[in-house]
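# Chains, contacts and geometry: an overview
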Amino acid sequence: MQIRNFKLKLLPLLSASLFATALFADGDPQLSTTAGSRLFDATAGEELYKASCQACHMPDGKGDNGAGFYPSLVNNVRLMSAKTTTEIVTNGLRGMPPFREYLTDEQIIEVVKYIRTNFGNNFKSPVTVADIPK
Ligand code: HEC
């Protein structure tokens, strides 16, 4: 009885870790258009943040000030402007790479919406294709 219960609990755990291994098996998903194509199909802002931003800005959005300077996105008044935020993501900013070639317009909009309404930010003004610099 005990053994049986244990196996039942273990199975979903095992398949979950196999899935994780498969997901990350093809190398660094960051900024790589070929290896990342599956990840970059994601349209949900949260998934896009995880795939493209959290390596530098950290999962909690607080950034990092150790080996390099990665600004915190938490309670960040700079994100008040949909246009400024969208420009930074599209064209990059000094140490931050541009995402124009890695994300579609729709994905840029989704990830900008995500950071503007998470990490303590509550900027709900719309983000549109007009905010993306040409
Ligand atoms: C390779 C590391 C790296 C990645 C990946 C990265 N950023 Fe950045 N980001 C930076 C750095 C460094 C800065 C600071 C640039 C400066 O001011 O010199 C920055 C600045 C910003 C800022 C401006 C914050 C402020 O207070 O000035 C925003 C907004 C931002 N990033 C959003 C994002 C989003 C959204 C993504 C994912 C699509 C992302 N970043 C991916 C490194 C990164």
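Description of the structure in this document. These numbers were taken from a predicted model, which means no experiment stands behind them.

### Some remarks on the site of the ligand
Looking at the ligand, there are 23 residues lining it, with Cys-53, Cys-56, Arg-94, Gly-95 and Met-96 nearest. Looking at the shell around the ligand, the elements that each hand over two or more residues are helix H3 (54–57), helix H4 (82–91) and helix H5 (105–116). Per-class residue counts for the shell around the ligand are 16 nonpolar, 5 polar and 2 charged.

### Points about unusual backbone geometry
Trans is the prevailing form of peptide bonds, just as negative phi is the prevailing case for residues other than glycine. With a phi angle near 45°, Asn-75 is a residue other than glycine that sits in the positive phi range. You can see Asn-75 is positioned in the loop between H3 and H4. Of note in the backbone geometry, Arg-94 takes a positive phi value of approximately 45° without being a glycine. By the secondary structure assignment, Arg-94 is in the loop between H4 and H5. Taking the C-beta count within 10 Å as the criterion, Arg-94 has 5 such neighbours and is therefore assigned exposed.

The rules behind these values
Residues numbered from 1 in each chain as written. Predicted model: local features only at pLDDT ≥ 70, side-chain atom pairs only at ≥ 80, totals over all residues. Near = placed C-beta within 6 Å. Helix = DSSP H or I, 4+ residues; strand = E, 2+ residues; numbered from the N terminus. Nonpolar A, V, L, I, M, F, W, Y, C, P; charged D, E, K, R; others polar. Buried ≥ 20, exposed ≤ 12 C-beta atoms within 10 Å, placed from the backbone.

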